[in-house]
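Below are the chains, spelled out letter by letter.
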Amino acid sequence: MTQSSKIVIVGGGVAGMSAAHELIERGFQVEVYEKQPVYVGGKARSVEVPDSASPGKKPLPGEHGFRFFPGFYRHVTDTMKRIPLPDQPGKFAYDNLTLSTKAIQAQVGKTPIIVPANAPRNKAELKQFIDATISTHSTFTAEENRTIFEKLWQMLTSSRERKNDEYERLSWWDFCEADRFSQNYRDMFVIGLTRTLVAAKAEVVSSKTAGNTLLQLMMLQAKKNGRTDQVLNAPTNDAWLWPWLTHLKGEGVNYHHGYQATTINYDKDKKRVASVVFQDQNLEKKEVTGDIFIFAVPVEVMSRLIENSDSQYLLQDAPTLQQLDRLKLATQWMTGIQFYLREPIPVLDTTRGHVIYFETPWALTSISQLQFWEPDFHPEHYGDGELKSILSVDISNWNVPGLLLKKPARNCTKAEIRDEVWFQLQQCLKQQGKELLKDQSEVLITFFLDRDIQEFSGIGVNNQMLTFSTNAEPLLVNNVNTWGMRPNAYTAVKNLYLASDYVQTFTDLASMEAANEAARRAVNKILEETNSTAAPCEIWDLHEPGGLLGALREIDKKRFLKGEPWKDHFPWFYKIFYWILQELHRWLG
């Protein structure tokens, strides 16, 4: 293989586009095959809502789920800095990121708590942060508060070696000793904090993944200009993906839409992928040959491709792929629903932040989007012209009964999902007894549930008609002890590479960031194999604070290597921290 090799990328999501970007910059010949007939970006895409435009208007913008770019994302944002905006000379996609300044904690029967999303910049924000912290911790018992600080301290002072071994095999639920404490402790701390991981379930997600991600967010909140929470200033396609596609094509990437991979043709004698067979929208087959193949598809898709191929020899020669059929079972549903409203929502449309709805059975989070898209987005040009607000909600638990209909989301019709989500939101959005979210009949123009959710009906027990759904694009969750199932971006088959969020990465979280990092890892190995003189892609590890914390992690590393458990060297820390909060609260009045 040489730098003139033809590289075929299977999948045009964030991972596939990232790989194409890095390769085309380094002089390779690149072809991308994407199953979507129009869209790119995979789960990151936005879409035009079908049949939503009145005459002379544009279709309403819909999202698979709202985008979230925390400040510890470095790989995907680095790529965004190299995506020029065609209509804005000197500007790049990265410039379309805008800061979310607040976060809202909404809870059934209680007034929502608003906290700064970033480090307080003035006395007012400091007071707001402390008020929120005191209000939250006042709902816990003294022992629960002590345990919360101890668990966070333990994560901060545990060595990487202990996290990669001991905490990888321990769920976040068990790490936090959730069964020992109240339902409030479980809802607000154990479960609530994993909402930042979207589809992650506290009972099964590894404490390594949950703890590392939580620490990254906490350190950003404590850091000046940490940019804890960033979102796009326009629909995802407009702000990021269309400019990206335009750039890649302009640089020479050959992009093929409407092609879904069905089979890998493996040459067992030469021990290499000979070709990939695709099927277009007309069910016509197309065999594509190449020198190098990068499979930038989700784990369940890659597993299915292997099953449809001559898997005996492929799995024999690439043994790291043997665990994919087990790894694909660690997927969960996470899909967005958008509500298009003719009135703004008090608090949500002025707070500029994400909302976590504690105690909601379907694990809801949301963001009100138009406030981030102003002033360049003109809502009067969309839908029926009456659009005043877009509430984008992520549903992260599809398996438990709701509050209104008493059914899991996956057993509801789309209209029932709409009604149940709305009801759960209403229960949490109250301020001093007053509802912040009116009835649908008063404010709702229409709604959009991502088209990956397909609704079916069938005859069940006692000849009753049942409704159930399938999800074409579930999300991988890093369950306990699944790290060893995850392959590297390269395999023992020299022309078969992987670029997807299930690949082992520093990011260690199914996300756009992990997808981009995985693509960079695949490209770096290709550079090595082709003897390229091009500079490798830069890869960043997660940040770990130094100083005293670094020294304590070194002590823990030595203890771990000797088979000793983690030990708290500063049991008084949580007391001092909580005392400081209380004193600051009194000082600020």
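Residues numbered from 1 in each chain as written. Predicted model: local features only at pLDDT ≥ 70, side-chain atom pairs only at ≥ 80, totals over all residues. Heavy atoms only, no water.

Student: Lay out the sheet that holds strand β25 (residues 496-498) in plain terms, naming residues and giving numbers.
Tutor: Across the sheet, which stays open at both edges, the five strands sit in the order β9-β2-β1-β13-β25 with parallel pairing between neighbours. At either end of the open sheet lies a strand with only one pairing partner, and these are β9 (254-257) and β25. Neighbour-to-neighbour, the strand axes of the sheet open up by a mean angle of 20°, direction not taken into account. Pairing of strand β1 (residues 6-10) with strand β13 (residues 292-295), which is carried by four bridges, proceeds in the parallel orientation. Of the residues in β13, the one forming a bridge with Ile7 is Ile292. Along the sheet, helix α17 (residues 512-529) makes contact with β1, β13 and β25, crossing β25 at roughly 155°. (Pairing = 2+ DSSP bridges. Helix = DSSP H or I, 4+ residues; strand = E, 2+ residues; numbered from the N terminus. Axes fitted to C-alpha atoms, helices over the stretch in contact; angles between N-to-C directions. Contact = heavy atoms within 4.5 Å.)

Student: Pulling in residues and values, what's your account of the side chain of Glu300?
Tutor: Positionally, Glu300 belongs in helix α10 (residues 299-307). Of the side chains with opposite charge, Lys43 lies nearest to the buried Glu300, which makes no salt bridge, at 5.2 Å. Residues within four places of Glu300 in sequence aside, it is in contact with Lys328, Thr331, Ala472, Glu473 and Pro474. (Buried < 20%, exposed > 50% of the residue type's maximum accessible area, 1.4 Å probe, protein only. Lys, Arg positive; Asp, Glu negative; His and termini not counted. Salt bridge = Lys/Arg side-chain N within 4 Å of Asp/Glu carboxyl O.)

Student: How would you summarise the pairing of strand β12 (residues 285-289) if you had to cite specific residues and measurements?
Tutor: Pairing of strand β11 (residues 272-279) with β12 involves five bridges; the strand directions are antiparallel. Each residue of the ladder has a partner; that of Val276, found in β12, is Val288. Count of turn residues in the β11/β12 antiparallel hairpin: five residues, of which Leu283 carries a positive phi of about 65°.

Student: Tell me about the packing of aromatic side chains, residues and numbers included.
Tutor: On inspection of all chains with the given rule, the structure shows 16 aromatic pairs. On the basis of an interplanar angle of 50° and a centroid distance of 5.6 Å, the ring pair of Tyr185 and Phe189 is categorised as tilted. You can see Tyr185 and its partner Phe189 sitting in helix α7 (residues 183-194), four residues apart, about one turn around the helix. Centre to centre, the rings of Trp240 and Trp244 are 5.6 Å apart; their planes meet at 15°, and the pair counts as stacked. In this pair, Trp240 and Trp244 both sit in helix α9 (residues 236-251), four residues apart, roughly one turn of the helix. For the pair Trp240 and Trp244, a shared accessibility class is recorded, and that class is buried. Taken together, Tyr167, Trp172, Phe175, Phe181, Tyr185 and Phe189 form an aromatic cluster joined through their ring pairs. Between Arg410 and the ring centre of Trp333, over which it is positioned, the NZ or CZ distance is 4.1 Å. Lying across the ring of Phe506, Arg521 places its NZ or CZ 4.7 Å from the centre. (Phe/Tyr/Trp six-rings, centres within 6.5 Å; stacked < 30°, edge-to-face > 60°. Lys NZ or Arg CZ within 6 Å of the ring centre and 35° of its normal.)

Student: Go over the layout of surface pockets, please, and point to the residues and values.
Tutor: Each pocket or cavity is described by its volume, and for the second largest pocket that value is around 520 Å³. Lining the second largest pocket are 25 residues; nearest its centre among them are Gly71, Phe72, Tyr73, Arg74 and Leu220. (1 Å grid on protein atoms, 1.4 Å probe; cavity = no way out; pocket = protein on both sides within 12 Å on 5 of 7 lines; lining within 4 Å. Points joined across faces, edges and corners; volume = space filled by probe spheres on them.)

Student: Give me the lowdown on helix α4 (residues 142-157), citing residues and values where you can.
Tutor: With 16 residues, α4 extends 23 Å from end C-alpha to end C-alpha; this agrees with the ideal 22 Å at 1.5 Å per step. Counting buried residues along α4, twelve of its 16 residues qualify, which places the element largely inside the surrounding structure. Residues of α4 that are buried include every one of Glu144, Asn145, Thr147, Ile148, Phe149, Lys151, Leu152, Trp153, Gln154, Met155, Leu156 and Thr157, and no others. (Expected span 1.5 Å × (residues − 1).)

Student: So, the nonpolar core: which residues are in play, and what are the values?
Tutor: With 86 residues, the main nonpolar core has Ile9, Trp240, Phe295 and Met302 as its most contacted residues. Setting aside residues no more than four positions away along its own chain, Ile9 makes contact with Gly16, Ala19, Ala20, Leu23, Val30, Glu31, Val32, Tyr33, Ile294 and Ala296. (Core = buried A, V, L, I, M, F, W, Y, C linked by side-chain atoms within 4.5 Å.)

Student: Summarise helix α18 (residues 547-561); cite the residues concerned and give the values.
Tutor: A rise of 1.5 Å per residue sets the reference length of α18, with its 15 residues, at 21 Å; its end C-alpha atoms lie 22 Å apart and thus fit the reference within 8%. Among the residues of α18, Leu549, Gly550, Leu552, Arg553, Asp556, Arg559 and Phe560 are the ones counted as buried. The inward-facing, buried residues of α18 abut α4 and α5 (160-165). Of the residues one or two after α18, Gly563 is the one with positive phi, at around 80°.

Student: If you had to explain the sheet that holds β12 to someone new, which residues and values would you point to?
Tutor: Read from one edge of the open sheet, three strands run β10-β11-β12, paired in antiparallel fashion. Looking at the sheet topology across the chains shown, the edges are occupied by β10 (260-267) and β12. Within this sheet the neighbouring strands show an average axis-to-axis angle of 25°, counted without direction.

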